[in-house]
Amino acid sequence: MKTPLLKLEHLTISYQYPTVQEAMIIDNADCDIYKNMAHFLQGPNGSGKSSIFRSLLGLQNEEMKFIKLPNNERRISGQELTKVLRLGYIPQFPYQAMTPSISIIENLYLRSLFLESRSFSNPFQWLSKALSKKHLKEFINRLSSLELVHNILDGRYFDRFQTFSGGELQILILAATVSADIDLLVMDEPTAKLDTQNKSKFWNSLAELLQTKELTVLSTTHENSFLSTSIMEHNNVLLKIENKKIISTG
Amino acid sequence: MLYSAISEFPILAIAALGFYISLRFLCFPDLTVDASFMFGMSVVGLSLRQGASSELSALFFAPILGAIVGMITGLLHTSKYLKMNKFLSGMLVAFASYSICYRMCGQADISLFQYRSQLILFRIFEGTHIFVEPIVLSILVFGIWLGIQRLMNSPFGLALRTAGHRSEVLQVSGLNPKHFVILGLAFSNAIIAVAGWLNATINRNVSLKNFGMIINVLASCLIGDFLLHMLIGLFSKSARSRKRSVFFLLLSPIVGAFAYSLIKSFVIKILSGQLRITLTTDLQLIIALVIMLVAMAGKQFNGFDQNDDEGGI
C-alpha cells in the first residue's frame, strides 16, 4: 500500500545565462514520494537532478513553491519543507558535511543535534542541551551499538575526520543521520566519489539500516547494478528524467 | 620593557579572543572590533561623568552594548534587504559608533585621574608593586579564557563553527545559519567590549582618538596562529596526525597577544633607546613591517594544509 509523503507539483527548473537563451531543464513535472519506499532519481548529467534536490532542501536562492503535503492545500517551498519535515541530507562529497577542526564524533553528534532541534519547544531548551556534553556520551553509546559504525570507528571517536576515508565517512554520516528520527533521507549521488568496493559497502549498509528501520529515501545514483542486487527486498521506485519530465516506474 | 608588555597583555588577549571567535568560528573578519572596544571605554567615561560610585557598573553595561553593536553588524550582513559585505557592515558600524561614543563621553579624551576616588581597581592596586596589577589581571584573563574554552568546546560553540564553515548542514535541518552568525557576533563583540572597559580602567584614560585596535588584534591572532602552527608542525611527524582542535584554536589569540605585546614593547625600546627615532611617527610603520615579516614566515612554516577556508585571512 502506498501512502504519499509529499508530492512535487508543477516543478519547473530553468537557467538563464547572459549569452545563451533561457534553458528549461525541467518543465512542469509532477512526481510522488511515498512513505517508507526508496526512490531513485536517474537521468543524464545536467538533467537537473541536483537542482531538484537543492530546491527541495531549500538551498536554492529563489523560492519555488512546488511541494505539496497530503494534508495541506497550499504548496510550500523547500525552505518551508525543512521546517515541517525532518530531512536527512547526505551530500555528494562527505567533506561538504564535515566541519573542520572538529573530531569525527562531534561532527556526527552536531548532525543529530541539528536534526533533533525541531523536537524542542523553545530555543532555550535546545541551547541547554547544546551547552552540555552529557548527551554526547549517550550519543556515542547509541551510535557505536551499530555494528557497522563500531567496525569503522573502533574507538577512534575523537580523531580528525580527515583520518577516515571517503567511504568510511559516507557510511558514518549515513548511520548518524538515520539514527536520528528523520522523515525523509535525501542523498545526492552519495557514492559518486567512491571506488567499487566502498560503493557496495555503502549500499549494503543502507540495506542493512533499512531492514531495522522504516525510512523514506530519495536518492540520485548512476549505479544500476547495485540497485538490483542489494536493495531488492525493499520497495523501490525508479524515477527517470526524460524529456524534461519525471517518469516514475516500479 | 617587560612591564609595558605585560601591562598591555590582558587587554589585547581579551580583545583578540573575542575577535578570534568571529574570525575563525564564523569566518567573519569582523571590523566592528573598533566600535565595541570604543563602547567599552566610553561606557566607563559616561558612568563616571554621571557620578557612578565605581567603574563596576560600567562592566555590566559594556558587554551589553558590545553585543548590541555586534548584532547590528550581523543584521546588516544577513538582512534580506541589505546583504551587505562582511567588511562593509563591520566598517559602517565602527564608523557610525564614533559619533555615538563621542556623545556619550562629551569629548574625545577623558583622563580618569580626576575620578580616582571612584575607581575601584585604582584603589585596590594603589601602592602595590607595579607588577602586581598586570599579573592579577593576567590570571583573570586566564579565567575568562577557560570559560570561553568550555563554551566553545560545547556543542553550541561547535555549532557556531558549523554555521561559519558548513552552513548548508544547518539549513537542511531547518535551522537558520544567520541566527548563529548574529548570535556569534554578539558574543564576540561583548567580549571585546570587556577588553575596552579594561583598557579604560587600566590606563585611566578614555581615548576615542586611537582608531586602530583592529590592527593590534588582527596582528595578535595572526602571530598566534603562526607560532602554534610552527610548533605543531615541528613536533608532530605526519600531517595526518596533526590535531587542530578547538582547544588549540583558542590558544592562539592568547599566545599571539603575549608575543605581539612583547614585540611591540621591544620595538619601542629599541626605537627610543638606541636609534633615537621619534616614537609616535615611526612606531606604526615598524609594527606594520614586523607583521608583514610574520605573515611571510607563517607561509613558510605552516604546519597545516591550507585547504580550509578560515575567514579569508
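What you see is a predicted model, and the numbers here were worked out from it, not measured in a lab.

## With respect to the overall build of chain B
At step 1: Each helix and strand counted, chain B has twelve helices and two strands in total.
At step 2: Listing every helix and strand of chain B by position from the N terminus yields α-α-α-α-β-α-α-α-α-α-β-α-α-α.
At step 3: Burial statistics for chain B: of 313 residues in total, 46% are counted as buried.
At step 4: Counting only contacts in chain B whose residues sit at least 6 apart along the sequence, the fraction spanning at least 24 positions is 82%.

## Focus: the overall build of chain A
At step 1: On a plain count of helices and strands, chain A comes out with nine helices and ten strands.
At step 2: Whereas a compact globule of 250 residues would reach a radius of gyration of roughly 18 Å, chain A reaches 19 Å, a difference of no more than 12%.
At step 3: Among the 250 residues that make up chain A, the fraction classed as buried is 40%.

## Brief notes about the packing of helix α2 (residues 33-49) of chain B against helix α9 (residues 177-203) of chain B
Residues and elements named next belong to chain B.
At step 1: Between α2 and α9, the least distance of the axes is 7 Å, while the angle of their chain directions is 45°. Considering the angle they form, α2 stands oblique to α9. Like other packed secondary-structure pairs, α2 and α9 cross with a definite hand, here right-handed. In contact with V33, S36, F37, M38, F39, G40, M41, V43 and V44 of α2, α9 contributes N189, I192, A193, V194, A195, G196, W197, N199, A200 and T201.
At step 2: Residues of the contact of α2 with α9, tallied by class, amount to 13 nonpolar, six polar and no charged.

## Quick notes on the interface of chain A and chain B
At step 1: Tallying the contact residues gives 30 residues for chain A and 24 residues for chain B.
At step 2: Those elements that place two or more of their residues in the side of chain A that touches chain B are α2 (78-84), β6 (87-90), α3 (104-116) and α4 (123-131) of chain A.
At step 3: The residue inventory of the side of chain A that touches chain B, partitioned by class, reads 15 nonpolar, nine polar and six charged.

## Things to note about the sheet that holds strand β4 (residues 65-68) of chain A
All names here are of chain A.
At step 1: Reading across the sheet, the four strands line up as β2-β1-β4-β5 and stay open at both edges, with antiparallel pairing between neighbours. The sheet is open, and its two borders are formed by β2 (23-34) and β5 (75-77), each paired with just one other strand. Across the sheet, the axes of successive neighbouring strands diverge by a mean angle of 30°, strand direction being ignored.
At step 2: As defined by bridge partners, strand β1 (residues 4-15) adjoins β4 across two bridges and the pair is classed as antiparallel. Residue pairing across strands places L8 opposite I67, the latter belonging to β4.

## Here we look at the packing of α2 of chain B against helix α10 (residues 213-235) of chain B
Residue and element names in this part refer to chain B.
At step 1: Running from N to C, α2 and α10 cross one another at 115°; their axes reach a closest spacing of 8 Å. It follows from the interaxial angle that α2 and α10 lie roughly perpendicular. Crossing hand, α2 versus α10: right-handed. Contacts from V33, D34 and F37 of α2 reach α10 at M213, I214 and V217.

## Quick notes on the pairing of strand β10 (residues 245-249) of chain A
Residues and elements named next belong to chain A.
At step 1: Bridge count between strand β9 (residues 236-242) and β10: five bridges; the pairing is antiparallel. By the bridge assignment for β10, E242 is matched with K245.
At step 2: Where β9 folds back on β10, the antiparallel hairpin that results is connected by two residues, among which N243 adopts a positive phi of roughly 50°.

## Looking at the environment of V136 of chain B
Residues and elements named next belong to chain B.
At step 1: Among the structural elements, V136 can be located in helix α6 (residues 132-153).
At step 2: For V136, a count of 15 C-beta atoms within 10 Å corresponds to the partly exposed category.
At step 3: As a C-alpha pair, V136 and F125 span eleven residues in sequence and 9.9 Å in three-dimensional space.

## What to know about the sheet that holds β10 of chain A
The strands that make up a sheet pair up through hydrogen bonds in the backbone, lying either parallel or antiparallel.
Residues and elements named next belong to chain A.
At step 1: The six strands lie next to each other as β6-β7-β8-β3-β9-β10, forming an open sheet whose pairing is mixed. Strands with a single pairing partner mark the edges of an open sheet, and in this sheet they are β6 and β10. Strand-to-strand, the axes of this sheet are offset by a mean angle of 20°, without reference to chain direction.
At step 2: Against the sheet, helix α1 (residues 49-56) contacts β3 (38-42), β7 (184-188), β8 (216-220) and β9, and its axis sits at roughly 145° relative to β7.

## So, unusual backbone geometry
All names here are of chain A.
At step 1: The residue E189 is not glycine, and still its phi comes out positive at about 40°.
At step 2: By the element assignment, E189 lies in the loop between β7 and α8 (196-212).
At step 3: Backbone geometry at K244 places phi at a positive 65°, although glycine is not the residue there.
At step 4: Inspection of the secondary structure assignment puts K244 in the loop between β9 and β10.

## A closer look at the nonpolar core
At step 1: Within the largest apolar cluster, 157 residues are counted, with the highest numbers of intra-cluster contacts made by L172, A175 and V186 of chain A together with I14, A15 and A16 of chain B.
At step 2: Counting residues per element, this core draws most heavily on α9 of chain B, at 16 residues.
At step 3: Not counting the four nearest positions on each side in its chain, L172 of chain A is found in contact with I104, L108, V149 and I152 of chain A.

## Regarding the environment of F247 of chain B
Residues and elements named next belong to chain B.
At step 1: Tracing the sequence through the fold places F247 in helix α11 (residues 246-275).
At step 2: Residues F247 and S22 lie 225 residues apart in sequence; the distance between their C-alpha atoms is 16 Å.
At step 3: Leave out the neighbours within four places in its chain, and F247 touches Q149 and N153.

## Remarks on the confidence of the model for chain B
Residue and element names in this part refer to chain B.
At step 1: Here chain B averages 84 in pLDDT, and 89% of its residues register 70 or above.
At step 2: Per-element mean pLDDT across chain B ranges from 75 in helix α12 (residues 279-301) up to 94 in helix α3 (residues 56-78).
At step 3: Segment residues 305-309: pLDDT under 50, and three contacts once partners within four positions in sequence are set aside and those in other chains are kept.

## Re the environment of I21 of chain B
All names here are of chain B.
At step 1: Turning to its location among the elements, I21 is positioned in helix α1 (residues 2-25).
At step 2: A sequence separation of 266 residues divides I21 from I287, and the C-alpha atoms of the two residues are 24 Å apart.
At step 3: Not counting the four nearest positions on each side in its chain, I21 is found in contact with M152, G184, F187 and S188.

Thresholds, definitions, all that
Once a new chain begins, its residue numbering starts again from 1 and follows that chain's sequence as written. For naming, the first written chain is A and the first written ligand is 1, with later ones following in the order written. Local features in this predicted model are restricted to residues of pLDDT 70 or higher, and side-chain atom pairs are both shown and tallied only at a pLDDT of 80 or more, whereas totals for entire chains, interfaces and linings draw on every residue. Helix and strand assignments come from DSSP, with helices taken as H or I runs of at least 4 residues and strands as E runs of at least 2, each series counted from the N terminus. Exposure in this text rests on C-beta crowding, where 20 or more other C-beta atoms within 10 Å of a residue's own make it buried, 12 or fewer make it exposed, and counts in between make it partly exposed. The C-beta atoms are placed from the backbone. In this description, any two residues whose backbone-derived C-beta atoms lie within 7 Å of each other are considered to be in contact. For a compact globule the rule gives 2.2 Å times the number of residues to the power 0.38, and the radius of gyration it is set against comes from C-alpha atoms. Every axis corresponds to a line fitted to the C-alpha atoms, with the helix fit spanning only the stretch in contact, and the corresponding angles, defined between N-to-C directions, vary from 0 to 180 degrees. Any angle between 65 and 115 degrees counts as roughly perpendicular, while under 35 counts as roughly parallel, over 145 as roughly antiparallel, and the rest as oblique. Here is the rule for handedness: rotate from the far helix to the near one, and if that takes an anticlockwise turn smaller than a right angle the crossing is left-handed, while a clockwise turn gives right-handed. Here the term charged refers only to Asp, Glu, Lys and Arg, the term nonpolar to Ala, Val, Leu, Ile, Met, Phe, Trp, Tyr, Cys and Pro, and the term polar to all other amino acids, Gly among them. By the convention used here, strands pair only if DSSP detects at least 2 bridges between them. Here, a nonpolar core means buried Ala, Val, Leu, Ile, Met, Phe, Trp, Tyr and Cys residues linked by C-beta atoms lying within 7 Å of one another. Predictor confidence is given residue by residue as pLDDT, running from a minimum of 0 to a maximum of 100.

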